[in-house]
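A look at the structure
What follows is the residue order along each chain.
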Amino acid sequence: MTDDQITLVEAQPGDFPAFKKELQSAFAVAVVDEFGELPDGPIPTDADLDGAMSAPDAVVLRILSAGRPVGGAVLSIDPETHQNSLGLFFLSPTEHGRGLGHKAWLAIERRYPETLVWTTHTPYFEKRNIHFYVNKCGFKIVTFYNARHPDPHAPGANEFPGGDEGFGFEKVMKVGRDCRR
């Protein structure tokens, strides 16, 4: 599927090690910018990524610009309820600020036109992500995760200060029988 210069291609299992390293490298930039250093090991961990990428409903996508990899996404697609989630989304830090993330998100939406609701989440400190999801992509904040209301998507998030705080987002695409308003 193409959006101007964006193409979405399903990643193959042989590509997963490189995909994971690229994702962890992209996520590390925000953690280092906010906290000055990474905790021991990559974020997310290899085990967390393996679990997300091998889940029964997972779709692992490479984001290509002019044929070269610039990022990726891990989605959970439910073909029965059409309530889908964006588990992980990243662009290479060298590609930030060029509008490719928004184009990639629009391409994902077009790839799954039957989606009733998209959900996703992000850590509190990731203000760039909050801006992207709310102001660029049209998501609404529906949950504030914290010590008293933990994020079920982020086990081990307490590895850095404020790691237990984050937001859950929802984007209603179509009003349907299974769709929350």
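Details of the structure are given in the entry above.
Since the model is a prediction, treat every value here as computed from it, not as a measurement.

Regarding its fold elements, the protein chain presents 4 helices and 8 strands. In the protein chain, the succession of helices and strands from N to C terminus is β-β-α-α-β-β-β-α-β-α-β-β. Burial statistics for the protein chain: of 181 residues in total, 41% are counted as buried. Considering only residue pairs separated by 6 or more positions, the protein chain has 64% of its internal contacts joining residues 24 or more positions apart. Summed over all atoms, the accessible surface of the protein chain reaches about 9600 Å², with 53% contributed by carbon and sulfur.

Before going further, it helps to examine the packing of helix α1 (residues 16-35) against helix α2 (residues 46-54). Look at α1 against α2: their axes get within 11 Å of each other, and the N-to-C directions meet at 120°. In this view, α1 runs oblique relative to α2, as classed from their interaxial angle. Pair α1 / α2 crosses with right-handed handedness. In this structure, α1 uses Phe16, Phe19, Lys20, Leu23 and Gln24 to contact α2, whose residues at the interface are Asp46, Leu49, Asp50 and Met53. When the residues that make up the contact of α1 with α2 are grouped by side-chain class, the tally is 5 nonpolar, 1 polar and 3 charged.

Thresholds applied
- Residues numbered from 1 in each chain as written.
- Predicted model: local features only at pLDDT ≥ 70, side-chain atom pairs only at ≥ 80, totals over all residues.
- Heavy atoms only, no water.
- Helix = DSSP H or I, 4+ residues; strand = E, 2+ residues; numbered from the N terminus.
- Buried < 20%, exposed > 50% of the residue type's maximum accessible area, 1.4 Å probe, protein only.
- Contact = heavy atoms within 4.5 Å.
- Areas by Shrake-Rupley, 256 points an atom, 1.4 Å probe, with all protein chains shown as cover.
- Axes fitted to C-alpha atoms, helices over the stretch in contact; angles between N-to-C directions.
- Parallel < 35°, antiparallel > 145°, perpendicular 65-115°, else oblique.
- Left-handed = near helix turned anticlockwise from the far one by under 90°.
- Nonpolar A, V, L, I, M, F, W, Y, C, P; charged D, E, K, R; others polar.

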